[in-house]
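The lines below spell out each chain.
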Amino acid sequence: MRLQTELLIDGEWRPSRGGSRIEVTNPYDSSVICDIAEARGQDVDDAVAAAAQAFPKWRALPAMARGGLLLKLAAMIEEHADELAALESLDTGHPIRDARHLDVPRTAAVFRYFGGMADKFEGRVIPAYPGFLSYVDNEPIGVVGQIVPWNFPLMFTSWKMAPALAAGNCVVLKPSELTPLSTLRIGELMMEAGFPRGVVNIVPGFGQEAGQRIAEHPGVGKVAFTGSTATGRRIVEASSGNLKKIQLELGGKGPNIIFKDANLQDAVNGSAWAIFHNQGQACIAGSRIIVHEDIADAFIARFTELAASIRLGDPSDPDTEMGPVTSRPHQERVLQYCAYAVEDGGEILTGGRAPDGDLAKGFFVEPTVVRAAPDDRVCQDEVFGPFVSVTTFRTDEEALEIANNTIYGLGSGLWTEDLRRAHRFAREIHAGMVWINCYKVVHPGSPFGGVGESGYGREMGFDVMREYTHTKSVWVNYGADIEPYYVR
Ligand code: NAD
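Since we're looking at a predicted model, the values are computed, not measured.

S.K.: Mind showing me how you'd approach the environment of Gly254 here?
M.R.: Following the sequence through the fold, Gly254 ends up in the loop between strand E11 (245-249) and strand E12 (255-258). Owing to a relative accessible area of 3%, Gly254 belongs among the buried residues under this scheme. Residues contacting Gly254, with those up to four places away along its chain left out, are Ala285, Gly286, Ser287, Arg288, Gly411 and Tyr439.

Pasting the structure below:
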């Protein structure tokens with residue numbers, strides 16, 4: 001596999017100005033895949049300058065032409081699906097079956113959706129006063145900075161770039177230093193598709209330097225960030241210099257409530273998907289199971305049996321259901337929470353360790369289920385691994401109280417056959433997204449984002465197009481009298 005390892009700035013692949021490189025590791029066996037150019041502050045400055053220069057022409061293109069390029073890219077991603085899936089799996093540890101059947105098609109779908117959106121995001125006419133045309137236009141912001149994490153690098157490249165470009169902005173995107181490879185490959189496909197130089201710039205580097213520079217850069221009009229709540233706070237501070245528009249998709253601690261009347265097998269299977277897909281490295285993961293006392297034993301028995309049967313292994317093996325987590329420090333952090341669970345008085349029901357044998361060379365953690373109390377660290381902190389807590393409740397009020405006992409408010413789920421209860425909870429849960437008798441269903445048209453310390457702003461659909469534009473009100477007098485005050 002030939003890999004692109006340089007920075008994409010102004011339509012060219014360039015080395016780092018500082019000459020520094022970052023090693024990229026395969027989480028399956030800790031081997032070094034390659035090294036990539038590290039974007040330094042000056043590289044970010046170059047990228048912002050290139051984007052600013054490209055902006056007037058990009059903005060002036062007919063929206064359908066911008067959309068056409070995104071549609072072309074979507075088709076190219078599908079043509080290169082096997083290669084992109086293999087690359088994503090190698091770099092992140094995603095099982096190849098997920099990379100091929102989820103990450104890649106979802107990435108293509110988002111570029112396609114926003115390719116179609118480009119000329120359908122319309123303005124408005126306000127029925128204001130006779131003789132006036134009052135209309136509202138949506139203007140691109142200019143240069144937008146985008147910073148993404150390591151858990152879904154390919155997908156997040158599309159979530160960030162597609163709407164921003166459709167709306168007429170130019171982008172400077174920083175992938176995570178841990179997983180830059182698929183984003184760089186998308187950059188190559190974009191150049192091949194014919195995106196004009198400077199419209200898209202990709203600058204992998206460390207957060208403290210490249211990320212920080214994007215957040216504070218006076219030439220960047222908006223920063224869109226996906227990552228941890230702690231980093232989100234830093235971005236807000238760094239962006240205050242020119243009062244950038246900000247969009248934050250941060251952490252989560254998704255409650256997943258299983259009521260007494262739930263279809264038990266659906267709840268077991270759906271809850272496993274909610275937490276274990278992508279090794280639990282999902283902001284929307286259903287990481288807190290809250291189950292009714294009367295069915296808790298039956299649920300836990302089936303759920304722990306399923307968790308223990310998940311096939312860990314080489315991500316490139318199509319039979320593998322769970323790969324490693326993305327880095328050694330992250331593996332150590334998840335295992336630390338297994339220790340906290342016990343220290344705080346909880347019980348490990350299955351998992352709780354790194355597997356031995358062949359898998360010990362990678363960053364694996366066994367699927368872990370712990371019984372815990374709502375205030376324990378494992379029920380409060382985002383663990384971001386294949387790790388789920390189980391808590392029981394007796395009344396609906398108690399279930400809601402436990403569900404909302406968190407600083408976060410991103411994904412949430414509930415399993416019940418009772419329609420009234422389902423809608424009541426959907427209204428009262430403190431979250432940006434609620435899944436009823438399902439979990440983690442996403443679509444490019446459905447708003448995605450959080451409340452509380454999970455951030456603000458929304459990805460997807462018309463909502464994200466508003467995030468990437470300024471609203472401009474225009475008044476045209478075509479037949480009204482001029483205000484009489486100063487008419488002589
Ligand atoms: P992180 O916050 O450590 O890093 C995210 C990105 O920010 C990386 O590119 C990193 O290099 C950069 N960064 C780090 N410090 C920075 C700084 N000071 N200034 C600017 N940029 C900086 O997060 P992570 O560990 O890569 O990802 C996991 C986190 O992402 C979890 O908390 C998860 O919940 C969250 N996440 C949220 C969503 C969502 O949509 N809400 C989706 C996926 C992941």
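S.K.: Looking at this model, I keep getting lost on the pairing of strand E8 (residues 170-174). Mind explaining?
M.R.: When a strand is regular, its side chains alternate between the sheet's two faces. When you tally the buried positions in E8, you get five out of five residues, the bulk of the element. Both faces of E8 are covered, namely the face carrying Cys170, Val172 and Lys174 and the face carrying Val171 and Leu173. Bridge count for strand E7 (residues 143-147) against E8 is five bridges, and the pairing is parallel. Following the sheet pairing, Val143 is matched in E8 by Cys170. Both E8 and strand E9 (residues 200-202) contribute to a ladder of three bridges, which runs parallel. Within the sheet, the bridge partner assigned to Val172 lies in E9 and is Asn201. The handedness of the E8 to E9 crossover, carried by helix H6 (residues 181-193), is right-handed.

S.K.: Looking at this model, I keep getting lost on unusual backbone geometry. Mind explaining?
M.R.: Backbone phi values are negative for most residues with the exception of glycine, while trans is the configuration of most peptide bonds. Non-glycine residue Phe384 carries a positive phi angle of around 65°. Within the fold, Phe384 resides in the loop between helix H12 (377-380) and strand E16 (387-393). Despite not being glycine, Met460 shows a phi value in the positive range, around 75°. For Met460, the position within the fold is in the loop between strand E19 (455-456) and helix H15 (461-467).

S.K.: Looking at this structure, I do not really get helix H2 (residues 63-79). What am I missing?
M.R.: Each turn of an α-helix holds 3.6 residues, which means side chains three or four residues apart point in the same direction. Here H2 contains 17 residues, and its C-alpha end-to-end distance of 25 Å stays within 8% of the 24 Å for a straight helix at 1.5 Å per residue. Every buried residue of H2 is listed here: Arg66, Gly67, Leu69, Leu70, Leu73, Ala74, Met76 and Ile77. Its buried side turned inward, H2 meets helix H1 (41-60), helix H3 (81-92), helix H4 (96-117), helix H5 (153-166) and H6.

S.K.: Looking at this structure, how should I read the sheet that holds strand E14 (residues 347-350)?
M.R.: Paired through backbone hydrogen bonds, the strands of a sheet run either parallel or antiparallel to each other. Strand order in the open sheet formed by seven strands is E14-E15-E16-E13-E12-E17-E18, and the pairing between neighbours is mixed. Two strands lie at the open edges of the sheet, namely E14 and strand E18 (435-436), each paired on one side alone. Contacts from helix H11 (residues 328-343) reach E14, strand E15 (368-371) and E16, with the element oriented near 30° to E16. Helix H13 (residues 396-403) contacts E12, strand E13 (288-292) and E16 of the sheet and is inclined by roughly 150° relative to E16.

S.K.: Sorry, what's going on with the domain arrangement of the protein here?
M.R.: You'll often see interface size given as the accessible area lost when the parts meet. If you check the domain split of the protein, you get domain 1 (7-250 + 450-474) and domain 2 (255-436). Relative placement of domain 1 and domain 2: their C-alpha centres are 30 Å apart. Taken together, the contact pairs 29 residues of domain 1 with 36 residues of domain 2. Interface area, domain 1 with domain 2, both sides summed: about 2600 Å², of which 60% is carbon and sulfur. Viewed at the interface, domain 2 and domain 1 are joined by one salt bridge. At the junction of domain 1 and domain 2, the tally comes to eleven residue pairs in polar contact (both at pLDDT 80 or more). The element contributing the most residues to the side of domain 1 that touches domain 2 is H4, with five residues. Residue classes in the side of domain 1 that touches domain 2 are distributed as ten nonpolar, 13 polar and six charged.

Rules of the game
- Residues numbered from 1 in each chain as written.
- Predicted model: local features only at pLDDT ≥ 70, side-chain atom pairs only at ≥ 80, totals over all residues.
- Heavy atoms only, no water.
- Helix = DSSP H or I, 4+ residues; strand = E, 2+ residues; numbered from the N terminus.
- Buried < 20%, exposed > 50% of the residue type's maximum accessible area, 1.4 Å probe, protein only.
- Contact = heavy atoms within 4.5 Å.
- Pairing = 2+ DSSP bridges.
- Right-handed = clockwise from strand over helix to strand, strands pointing away.
- Expected span 1.5 Å × (residues − 1).
- Axes fitted to C-alpha atoms, helices over the stretch in contact; angles between N-to-C directions.
- Domains from an automatic or database assignment.
- Buried area = accessible area lost by both parts, 1.4 Å probe.
- Salt bridge = Lys/Arg side-chain N within 4 Å of Asp/Glu carboxyl O.
- Polar contact = N/O pair within 3.5 Å; in protein donor to acceptor, adjacent residues only side chain to side chain.
- Nonpolar A, V, L, I, M, F, W, Y, C, P; charged D, E, K, R; others polar.

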